[in-house]
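For reference, the chains in residue letters:
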Amino acid sequence: MNKPIVIGGVIAALGIAGGIAVGSYQSSESGPRYAEIVDVEPIVQTTDTPREVCKNVTVTHQRPVKDENRIAGTAIGAIVGGVVGNQFGGGSGKKIMTAAGAVGGGVAGNQVQQQMQQGDTYQTTEQRCSTVNDSKEETVGYDVRYRYDGEVHEAKLDEKPEGDKVLMRDGKPQWKEDARS
């Protein structure tokens, strides 16, 4: 055999073996790859639940009026006014004073009865209900940003990731596997 071919073949074999050894050494030293988690924001959802709230309140009512035209007050006022007017004057003046007293007394009696009717009230306790909303905030997931190979990526997760790194496999984050902090 030709010496240079043999030497070349040995050198090539040594080169290939060395390359394989160096490659396997580097790949075993590189270990698993991780992405850095740069931001975790909770996704919050607000739910309103209606419910009825009732309370007892005191209510003032006007009693029903039995004499809407206030005839009794007018009549009693006219009688009293006429009697008082009759005490003044003499002769035909007495009649005028009696008539004037009766008219004035009738008007006054009417007004007095009106005041009395407006003040004739009673109170009851009534239940008043209204609808109010109870608000509840609930975290329904998380917006996660992570940096891998110099680029920032985003993911939506149901659970908050633990730690500040995530294991990457084939360029994809492995959220369910343990991450080193």
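Up top is the structure.
Everything numeric in this text was worked out from a predicted model, so none of it was measured.

Rules of the game
Residues numbered from 1 in each chain as written. Predicted model: local features only at pLDDT ≥ 70, side-chain atom pairs only at ≥ 80, totals over all residues. Heavy atoms only, no water. Helix = DSSP H or I, 4+ residues; strand = E, 2+ residues; numbered from the N terminus. Buried < 20%, exposed > 50% of the residue type's maximum accessible area, 1.4 Å probe, protein only. Contact = heavy atoms within 4.5 Å. Areas by Shrake-Rupley, 256 points an atom, 1.4 Å probe, with all protein chains shown as cover. Phe/Tyr/Trp six-rings, centres within 6.5 Å; stacked < 30°, edge-to-face > 60°.

This next bit is on the overall build of the protein. For the protein, the count of helices and strands is 3 helices and 5 strands. Counting all 181 residues of the protein, 15% fall into the buried class. Considering only residue pairs separated by 6 or more positions, the protein has 72% of its internal contacts joining residues 24 or more positions apart. Element-wise, carbon and sulfur atoms account for 53% of the exposed surface of the protein, whose accessible area totals about 13,800 Å².

Moving on, we come to the packing of aromatic side chains. What the rule picks out here adds up to 1 aromatic pair. Measuring from ring centre to ring centre gives 5.6 Å for Tyr 146 and Trp 175, while their planes differ by 80 degrees; the resulting arrangement is edge-to-face. In this pair, Tyr 146 sits in strand S2 (residues 121–148) while Trp 175 sits in the segment after strand S5 (172–173), placing the two residues 29 residues apart along the sequence. Residue class for Tyr 146 comes out buried when judged on its relative accessible area of 8%.

On to unusual backbone geometry. Even without a glycine there, the phi angle at Asp 149 is positive, about 50 degrees. Structurally, Asp 149 can be placed in the loop between S2 and strand S3 (151–157). The class for Asp 149 is exposed, based on a relative accessible area of 55%. Phi at Asp 170 takes a positive value of approximately 55 degrees, unusual for a residue other than glycine. By secondary structure assignment, the location of Asp 170 is in the loop between strand S4 (165–169) and S5. We classify Asp 170 as exposed; its relative accessible area is 75%.

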